[in-house]
Amino acid sequence: MSFFSFGQSAEIDIVLNDAETRKKVEHKAEDGKKDKYFLFYDGETVSGKVNVTLKNAGKRLEHQGIKIEFIGQIELYYDRGNHHEFVSLVKDLARPGELTQSQTFDFEFTHVEKPYESYTGQNVKLRYFLRATISRRLNDVVKEMDIVVHTLSTYPELNSSIKMEVGIEDCLHIEFEYNKSKYHLKDVIVGKIYFLLVRIKVKHMEIDIIKRETTGTGPNVYHENETIAKYEIMDGAPVRGESIPIRLFLAGYELTPTMRDINKKFSVRYYLNLVLIDEEERRYFKQQEITLWRKGDIVRKSMSHQAAIASQRFEGSSSIESKMQAQAQAQAQAKEDGN
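Everything numeric in this text was worked out from a predicted model, so none of it was measured. (Residues numbered from 1 in each chain as written. Predicted model: local features only at pLDDT ≥ 70, side-chain atom pairs only at ≥ 80, totals over all residues. Heavy atoms only, no water.)

Enquirer: Mind showing me how you'd approach the sheet that holds strand β4 (residues 46–54) here?
Expert: Sheet strands pair via backbone hydrogen bonds, and the direction of the pair is either parallel or antiparallel. Taken in spatial order, the three strands make up an open sheet running β1-β4-β9, and their pairing is antiparallel. Edge positions in the sheet fall to β1 (10–16) and β9 (103–109), since each has one partner strand and no second. Across the sheet, the mean angle separating the axes of adjacent strands is 20° when strand polarity is ignored. In terms of strand pairing, β1 meets β4 through seven bridges, oriented antiparallel. Paired with E11 across the bridge in β4 is T53. (Pairing = 2+ DSSP bridges. Helix = DSSP H or I, 4+ residues; strand = E, 2+ residues; numbered from the N terminus. Axes fitted to C-alpha atoms, helices over the stretch in contact; angles between N-to-C directions.)

Enquirer: Before we go on, may I ask you to explain the pairing of strand β12 (residues 141–149) in this structure?
Expert: Residues in a regular strand point their side chains to alternate faces of the sheet. In this structure, strand β3 (residues 34–40) lies alongside β12, joined through two bridges in parallel fashion. Looking across to β12, one finds that L39 is bridged to V148. Bridge count between strand β11 (residues 124–134) and β12: seven bridges; the pairing is antiparallel. Note that in β12 the partner of R131 across the bridge is E144. Connecting β11 to the next strand, β12, in antiparallel fashion are six residues.

Enquirer: Hey, could you run me through the packing of aromatic side chains in this one?
Expert: Each aromatic ring pair is summarised here by two numbers: the centre-to-centre distance and the angle between the ring planes. Under the counting rule described, the total for this entry stands at eight aromatic pairs. Ring geometry for F70 and Y128: centres 6.2 Å apart, planes at 35°, overall tilted. Placement of F70 in strand β6 (residues 66–76) and of Y128 in strand β11 is noted, with a sequence separation of 58 residues between them. Each member of the pair, F70 as well as Y128, carries the same accessibility label: buried. One aromatic cluster is present, formed by F70, F86, F107, F109, Y116 and Y128 through successive ring pairs. Geometry around F40 places R22 over its ring, the cationic atom sitting 3.8 Å from the centre. (Phe/Tyr/Trp six-rings, centres within 6.5 Å; stacked < 30°, edge-to-face > 60°. Buried < 20%, exposed > 50% of the residue type's maximum accessible area, 1.4 Å probe, protein only. Lys NZ or Arg CZ within 6 Å of the ring centre and 35° of its normal.)

Enquirer: What exactly am I supposed to notice about the pattern of salt bridges here?
Expert: A side chain with one charge may pair with a side chain of the opposite charge, provided their charged atoms come close. Following the criterion strictly, the structure yields 18 salt bridges and no others. The salt bridge involving E144 is made with R127; its shortest N-O contact spans 3.1 Å. Taken as a pair, E144 in strand β12 and R127 in strand β11 lie far apart in primary sequence, 17 residues in all. Of the residues examined, E144 reaches a relative accessible area of 35% and is grouped as partly exposed. The partner of D146 in a salt bridge is R127, with the nearest N and O atoms 2.9 Å apart. In this pair, D146 sits in strand β12 while R127 sits in strand β11, placing the two residues 19 residues apart along the sequence. (Salt bridge = Lys/Arg side-chain N within 4 Å of Asp/Glu carboxyl O.)

Enquirer: Would you take a moment to explain the environment of I134 for this structure?
Expert: Structurally, I134 is set in strand β11. The spacing of I134 and P96 is 38 residues in sequence and 9.6 Å in space, taken between C-alpha atoms. Dropping the residues within four chain positions of it, I134 is found in contact with A10, I12, V52, L61, H63, G65, I66, D140 and V141. (Contact = heavy atoms within 4.5 Å.)

Enquirer: What's the story with the confidence of the model for the chain in this structure? I'm lost.
Expert: Note that predicted coordinates carrying low pLDDT should not be read in detail. Mean pLDDT for the chain: 83, with 84% of residues reaching 70 or above. For residues 1–5, every residue scores under 50 in pLDDT, and the model assigns this stretch seven contacts once sequence neighbours within four places are set aside. (pLDDT = per-residue confidence, 0-100.)

Enquirer: Sorry, what's going on with the sheet that holds strand β14 (residues 172–178) here?
Expert: The four strands lie next to each other as β13-β14-β16-β19, forming an open sheet whose pairing is antiparallel. Both outer strands of the open sheet, β13 (162–168) and β19 (243–249), are each paired with one neighbouring strand and no more. Looking at each pair of strands side by side, their axes are set apart by 20° on average, direction ignored. Pairing analysis gives seven bridges linking β13 to β14, with the strands arranged antiparallel. In the sheet register, E165 faces β14, and the bridge partner there is E175.

Enquirer: How do you make sense of the environment of H204 when you look at a structure like this?
Expert: Mapped onto the elements, H204 comes out in strand β17 (residues 202–215). The spacing of H204 and I277 is 73 residues in sequence and 5.2 Å in space, taken between C-alpha atoms. There is a polar contact of 3.1 Å between the side chain of H204 and the side chain of E206. (Polar contact = N/O pair within 3.5 Å; in protein donor to acceptor, adjacent residues only side chain to side chain.)

Enquirer: In this structure, what is going on with unusual backbone geometry? I would like to understand it.
Expert: Note on backbone geometry: most residues besides glycine have negative phi, and most peptide bonds are trans. Unlike most non-glycine residues, H111 shows phi in positive territory, near 45°. The phi torsion at N263 lies on the positive side, around 55°, for a residue other than glycine. Take N263: it is sitting in the loop between β20 (259–262) and β21 (266–278). A relative accessible area of 26% means that N263 is categorised as partly exposed.

Enquirer: I would appreciate a short explanation of the pairing of β3 in the present structure.
Expert: The pairing of strand β2 (residues 24–28) with β3 spans five bridges and is antiparallel. When the sheet's bridge partners are listed, E26 is paired in β3 with K36. Remark: five residues form the turn of the hairpin made by β2 and β3, two consecutive strands paired antiparallel; G32 in that turn has positive phi of roughly 90°.

Enquirer: How should the environment of D146 be read in this particular structure?
Expert: Exposure remark for D146: the relative accessible area of 28% places this residue in the partly exposed category. The sequence separation of D146 and Y37 amounts to 109 residues, and the corresponding C-alpha distance is 7.0 Å. In this structure D146 touches Y37, R127, Y128 and F129, once residues within four positions along its chain are discounted. Side-chain polar atoms of D146 contact the side chain of R127, separated by 2.9 Å.

In structure tokens, the structure reads:
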């Protein structure tokens, strides 16, 4: 907008070069609503165009420079005045001067480091965005465009099973076992519950997935627990020696990878919580942390593609070597025949 609504003003639009082909994913905003954003991964180039459209034809737009930034930042809701930037890149698009007509500027941020996953939580938000700015004396013209970043992982080398016991002396003894401790976001939790001793009247039993978000440091630490999933194991009294299988599919729930001490600002951890309720409405709990990770299919594809190229090179080099060996043998044979 221009001062006192006269003079020249402009609109900014940011368009990615691969907007037609790049995948979009749903991401929750701070108000809880979901929208679709372009998806990026760590190390990918971010490039596109900044379109500056002048609103009033025939009038000039004076400016102190035009730039675009790529920013990754963490915002703690209890400290909204401070934005903690962990990525900050700037490209100058135009020096101070004036625009006499609408103009398009190209930009490219090559192999951008995006170390953390985009996240919107109860008390914290981690976001990546492009910000184009036309600097002016009175009021800048600014346009922001959010993107979403997913962090990919490969299959963990160590993935031991979980074994735990719940016991009340002379009343209850339960063992439960899960097939592993680390799960990708589309995985299935497979387990079994063994009732070794049951002398209390258990009427209900369930497993919950609890997300615990921790923000801040020192005296300003906040913990928010959210129950993501409830899985009813049984409704009724078990008997001694009984075992109950568990199959909990994670794909249907809103989960993120486990995040530990992100930029020393926040953590997101997940727990399996076993809950027993007896006929007197007493509740018994046993909690165990699990690790969630995002399956790196794209990483695998790229690695397999590189491996294929490497094997082709190897086969090509070996075929060249065999040809050279055959030529050398033929030359040696010709010499012998000549002698």
